[in-house]
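Single-letter residue listing:
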Amino acid sequence: MIKIVHATCLILALFTQTTFANEPLELYWEDMVPPNYQAPDTPLSHDGSMMQLGIDAPIVENLDGKLVKIPGFVVPLEGTNKNTSEFLLVPYFGACIHVPPPPANQIVYVKFSKAVPIDRLNDAVWVTGTLSTRGWEGDLATVGYSLVGISVSPYEG
């Protein structure tokens, strides 16, 4: 009887680990900044420039290759007015469009193999995919992270 109980407990423990191993790591923007990094003080400018500060902001190397789920706002790069296959994921609405881009470690370049619907650009979304510490550079910003997208869903905090 005791052997059956031990075997059952072992099977349940292995099943639970396997189930949770496939769950994405829920990441927030502060998780993408190294713990001891202090962003330099930069004066706020109201001169209308869109220059990005912190293009060399450090990333968290051990996030490379992780299956993650990150909340944020979409800045479309490729697609139509209903679907997009490439975008920047940023921590707040208007980043890279209405206000200068955040530091590189606070932007994720997202690429999907097929376009996904983005209903409202001013609504936050969850993006799930495999994160890379390989950066990306485009006209809008220098980016610290890239992500191969699996899914996009509405953000419900």
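Structure report, in brief. (Residues numbered from 1 in each chain as written. Predicted model: local features only at pLDDT ≥ 70, side-chain atom pairs only at ≥ 80, totals over all residues. Heavy atoms only, no water.)

Regarding the overall build of the protein
Secondary structure assignment for the protein yields one helix and eight strands. Starting at the N terminus, the α and β elements of the protein follow one another as α-β-β-β-β-β-β-β-β. When the 157 residues of the protein are sorted by exposure, 34% land in the buried category. Considering only residue pairs separated by 6 or more positions, the protein has 69% of its internal contacts joining residues 24 or more positions apart. (Helix = DSSP H or I, 4+ residues; strand = E, 2+ residues; numbered from the N terminus. Buried < 20%, exposed > 50% of the residue type's maximum accessible area, 1.4 Å probe, protein only. Contact = heavy atoms within 4.5 Å.)

What about the environment of Gly65?
Along the polypeptide, Gly65 turns up in the loop between strand 1 (25-26) and strand 2 (67-79). Linking Gly65 and Val148, residues 83 residues apart in sequence, is a C-alpha distance of 9.9 Å. If we skip the residues at most four places from it in the chain, Gly65 touches Thr130, Leu131 and Ser132.

Quick look at the nonpolar core
Counting residues in each nonpolar core, the largest one holds 21 residues, and the members touching the most others are Ile70, Leu89, Val108 and Leu131. For this core, the secondary structure elements donating two or more residues are strand 2, strand 3 (83-90), strand 4 (108-117), strand 5 (125-132) and strand 8 (145-154). The dominant element in this core, judged by the number of residues it contributes, is strand 4, at four residues. In this structure, Leu89 is in contact with Trp29, Ile70, Pro71, Gly72, Phe73, Gln106, Ile107, Val108, Val110, Val125 and Val127, ignoring residues within four places of it in sequence. Core analysis: the second largest hydrophobic core is formed by ten residues, Val75, Ala95, Tyr109 and Ala141 among them. (Core = buried A, V, L, I, M, F, W, Y, C linked by side-chain atoms within 4.5 Å.)

Points about the packing of aromatic side chains
Taken as a whole and assessed by the stated rule, the structure comprises five aromatic pairs. Ring geometry for Phe73 and Phe93: centres 6.2 Å apart, planes at 70°, overall edge-to-face. With Phe73 in strand 2 and Phe93 in the loop between strand 3 and strand 4, this residue pair connects regions lying 20 residues apart in the sequence. Take Phe93: its relative accessible area is 46%, and that puts it in the partly exposed class. With a centroid separation of 4.5 Å and 5° between ring planes, the pair formed by Tyr109 and Trp136 is classed as stacked. A residue pair is termed long-range when its members are at least 10 positions apart, and Tyr109 in strand 4 and Trp136 in strand 6 (residues 136-137) qualify at 27 residues. Three or more aromatic residues link up through ring pairs in this structure, and these residues are Tyr28, Trp126 and Tyr155. Sitting above the plane of the Trp126 ring, Lys69 keeps its charged end 4.6 Å from the centroid. (Phe/Tyr/Trp six-rings, centres within 6.5 Å; stacked < 30°, edge-to-face > 60°. Lys NZ or Arg CZ within 6 Å of the ring centre and 35° of its normal.)

As for the side chain of Thr133
Assignment of secondary structure puts Thr133 in the loop between strand 5 and strand 6. Setting aside chain neighbours within four positions, we find Thr133 in contact with Ile59, Val60, Glu61, Asp64, Gly144 and Tyr145.

Concerning the pattern of salt bridges
A full pass over the atoms with the stated rule returns two salt bridges. Between Lys111 and Glu86 there is a salt bridge, and its shortest N-O distance comes to 3.4 Å. One end of the pair, Lys111, is in strand 4; the other, Glu86, is in strand 3, and 25 residues separate them in sequence. The exposure class assigned to Lys111 is partly exposed, which follows from its relative accessible area of 37%. (Salt bridge = Lys/Arg side-chain N within 4 Å of Asp/Glu carboxyl O.)

A closer look at the environment of Asn62
Along the polypeptide, Asn62 turns up in the loop between strand 1 and strand 2. In this structure Asn62 comes out as exposed when scored by relative accessible area, which is 57%. In sequence terms Asn62 and Met32 are 30 residues apart; their C-alpha atoms lie 9.9 Å from each other.

Points about the side chain of Thr142
Tracing the sequence through the fold places Thr142 in strand 7 (residues 142-143). Dropping the residues within four chain positions of it, Thr142 is found in contact with Gln52, Ile55, Ala104, Ile107, Trp136 and Glu137.

These results come straight from atomic positions and should not be treated as a statement about function.
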